[in-house]
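# Tertiary structure, described
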Amino acid sequence: MKAQIKFFAGAVLLVLLVSSFAMTPVKFKTEVVTIKTSAVCESCKARIEKALKSSDGVLQAKLNLDDKKVMVKYNPEKTNPDQIRAVIASTGYDADNVKKTDEGFKKLPHCCQKGGAGCEHKE
Ligand SMILES: [Cu+2]
């Protein structure tokens, strides 16, 4: 009988321990948005990812050149999809329905402005 109680108490303790692990609160919420860009080559990809990662609230940015979509993980308390699109647009690329800015576009290498023709790392 005593051994049974011990076993039961141990099991309860284990369940409590495991559930307290599972309920450890996350430091902050993260959300993910996928945005269609006008990236054409590897350097476009690197440029957009770098711009996003250095902007406030963005935790992760991954651009897929196959479909030109960038997956952005962000902290919704610090930024939002509109702000993220604005970062991409000011870098010189379209972001969903937000058009690239002239200032950003002018800073791009020629090959990137011309749809990637002649880009060194063209995919
Ligand atoms: Cu490019």
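Going by the structure above, here's the rest.
Overview of the structure.

Calculation criteria
- Residues numbered from 1 in each chain as written.
- Predicted model: local features only at pLDDT ≥ 70, side-chain atom pairs only at ≥ 80, totals over all residues.
- Buried ≥ 20, exposed ≤ 12 C-beta atoms within 10 Å, placed from the backbone.
- Helix = DSSP H or I, 4+ residues; strand = E, 2+ residues; numbered from the N terminus.
- Pairing = 2+ DSSP bridges.
- Axes fitted to C-alpha atoms, helices over the stretch in contact; angles between N-to-C directions.
- Contact = placed C-beta atoms within 7 Å.
- Core = buried A, V, L, I, M, F, W, Y, C linked by C-beta atoms within 7 Å.

### Regarding the pairing of strand β3 (residues 69-74)
Regular strands show a simple pattern: their side chains alternate between the two faces of the sheet. Of the two faces of β3, only the one carrying Val 70, Val 72 and Tyr 74 is buried; Lys 69, Met 71 and Lys 73 on the other face are not. Across six bridges, the pairing between strand β1 (residues 31-36) and β3 is antiparallel. Note on β3: the bridge partner recorded for Glu 31 is Tyr 74. Summarising the sheet, strand β2 (residues 58-64) and β3 pair through six bridges and their orientation is antiparallel. Opposite Val 58, over in β3, you have Tyr 74 as the bridge partner.

### Details of the sheet that holds β3
Spatial strand order, β1-β3-β2: three strands in an open sheet with antiparallel pairing. Of all strands in the sheet, those bounded by a partner on one side alone are β1 and β2. Pairwise comparison of adjacent strand axes, ignoring direction, gives a mean angle of 15° for this sheet. Its contacts with the sheet put helix α2 (residues 42-53) on β2 and β3, and the angle it makes with β2 is roughly 165°. Contacts from helix α3 (residues 81-91) reach β1, β2 and β3 within the one sheet, and its direction differs from that of β1 by about 40°.

### Concerning the nonpolar core
In this structure, Cys 44, Ile 48, Leu 52, Val 72, Ile 84, Ile 88 and Tyr 93 are the most contacted members of the largest nonpolar core, which totals 20 residues. Counting residues per element, the ones that place at least two in this core are α2, β2, β3 and α3. Element by element, the count of residues in this core is highest for α3, at four residues. The residues touching Leu 52, leaving out its near neighbours within four places in the chain, are Val 58, Ala 61, Val 72, Ile 84 and Val 87.

This is a description of form; function is not addressed.
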